[in-house]
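# Commentary on secondary and tertiary structure
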Amino acid sequence: MTDQTPNLPAAPPWLETHWGALQRARDAGRLPHALLIAGPAGVGKRLLADLLARSLLCHEAGADGLPCGRCQDCHLVGVGNHPDLVRVGPDPEGKSDEIKVGSIRELVESEGLTPTRGPHKVVFIDPADRMNPSAANALLKTLEEPAAGTLFCLVTERAYLLPATVRSRCQRIALGLPDEAQALGWLAGRLKGSDAQLLLRLAHGAPLRALALADTDLLARREAACAGFLAVGQGTRDPVAEAQAWGDLAPRVSLEWLGGWVSDLVRLATDGGAPYLGNPDKRDALARLAAGLDLEAGHRYLQRVLRARASQDNPLNPQLLHEALLIDWARVARKVN
Ligand SMILES: [Zn+2]
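Predicted model, so just to flag it, every value in this text is computed and none were measured.

Another point: the coordination of the zinc ion. Distances from the zinc ion to its protein donors, Cys 58 (SG), Cys 68 (SG), Cys 71 (SG) and Cys 74 (SG), fall within 2.3 to 2.4 Å. Taken together, the 4 donor atoms coordinating the zinc ion span angles of 104 to 116 degrees at the metal, a pattern that classifies the geometry as tetrahedral. Owing to a relative accessible area of 15%, Cys 68 belongs among the buried residues under this scheme.

In structure tokens form, the structure reads like this:
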């Protein structure tokens, strides 16, 4: 899932420290040539990169560095057509999802790094971890001899996949999850009629992911899948039929849900009043099932789900995977060996 970039004039509260540090560096003429903006999905990596780009390209930025939103440069950025903001990513038409060396060379070898409208050029490489080794190598040469006025923003959820040589030439900005109260305060003005706390929990604390979840029918799918999972556990639903109902659910989604429900079951079987649940809206139904759960079997089943989740890059047929896991779940919940 990618971060959304709502049209916001200011940095969200949990990015203010990073934003302030960038502006101070800019005022002191110490902005680096390359930033590595890293962190989990949905915490605002692109929001921060985007705000910085707008701020550098705007000709009438305020004293706080925020873009004016009215000048010609702000307009060009807004419509995605500013010549000094370049976005490099995997070719959407390409067969692989790699960033190939050609995309980097094209940028470096032409006049691609010379600003045309002002003193700055901003290049996003996103997701930077998709650069193949030749592309990373071509970029490295550029980072070793940076062009004046050019700022590279490498954005990634998986910084560890980048070569150490590239990482070491970037100033790293590591974004983490905001605290819950701060995230809820920010979401409050943006989620109309939705349960912000539940969405934030389902998004593992990442506010922009929570916002994206509210826009999809995923919540309805989760309701149905959870009802099916509970019914299989109670013995009132056939696991194979339930696996069929999960049909087109991607394992990256279904296994995250399943892992979350089983984690909560194990928590509740250990402590009926467990204060933290990943699925607080399902507490009563999960607690009823947890009361009859064999804790050891529950733990083993949880490990199995987590292993399946970790190996999902190369999945079996999703339906077979769902079938196997739900049949197993029926056995665990009904204490059949
Ligand atoms: Zn402007």
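Core analysis: the largest hydrophobic core is formed by 43 residues, its most contacted members being Leu 35 and Leu 187. Those elements giving two or more residues to this core turn out to be α1 (16-27), β1 (34-38), α2 (45-57), β3 (121-125), β4 (150-156), α7 (180-188), α8 (196-202) and α9 (207-214). With 8 residues, α2 is the largest single contributor of residues to this core. Leave out the neighbours within four places in its chain, and Leu 187 touches Ala 196, Leu 200, Pro 207, Ala 210 and Leu 211. With 36 residues, the next largest nonpolar core counts Phe 229, Leu 277, Leu 293 and Val 332 among its residues.

Helix packing for two helices is described by the angle between their axes and how far apart those axes are. Direction vectors running N to C along helix α12 (residues 251-270) and helix α13 (residues 283-290) enclose 65 degrees, while the axes themselves pass 9 Å from each other. The interaxial crossing formed by α12 with α13 has right-handed handedness. Mapping the contact onto sequence places Trp 261, Asp 264, Leu 265, Leu 268 and Ala 269 in α12 and Arg 283, Leu 286, Ala 287, Leu 289 and Ala 290 in α13. Its residues assigned to classes, the contact of α12 with α13 comprises 8 nonpolar, no polar and 2 charged.

End to end, helix α15 (residues 318-333) covers 22 Å across 16 residues, agreeing with the expected 22 Å (1.5 Å per residue, within 8%). Every buried residue of α15 is accounted for by Leu 321, His 322, Glu 323, Leu 325, Leu 326, Asp 328, Trp 329, Ala 330, Val 332 and Ala 333. Sitting at the amino-terminal end of α15 is Asn 317, which places a side-chain oxygen 2.8 Å from the backbone nitrogen of Gln 319.

Definitions and limits used
- Residues numbered from 1 in each chain as written.
- Predicted model: local features only at pLDDT ≥ 70, side-chain atom pairs only at ≥ 80, totals over all residues.
- Heavy atoms only, no water.
- Donors = N, O, S within 2.8 Å, 3.2 Å for Na, K, Ca; no water.
- Tetrahedral: all angles 85-135°; square planar, octahedral: opposite > 155°, others 65-115°.
- Buried < 20%, exposed > 50% of the residue type's maximum accessible area, 1.4 Å probe, protein only.
- Core = buried A, V, L, I, M, F, W, Y, C linked by side-chain atoms within 4.5 Å.
- Helix = DSSP H or I, 4+ residues; strand = E, 2+ residues; numbered from the N terminus.
- Contact = heavy atoms within 4.5 Å.
- Axes fitted to C-alpha atoms, helices over the stretch in contact; angles between N-to-C directions.
- Left-handed = near helix turned anticlockwise from the far one by under 90°.
- Nonpolar A, V, L, I, M, F, W, Y, C, P; charged D, E, K, R; others polar.
- Expected span 1.5 Å × (residues − 1).
- Polar contact = N/O pair within 3.5 Å; in protein donor to acceptor, adjacent residues only side chain to side chain.

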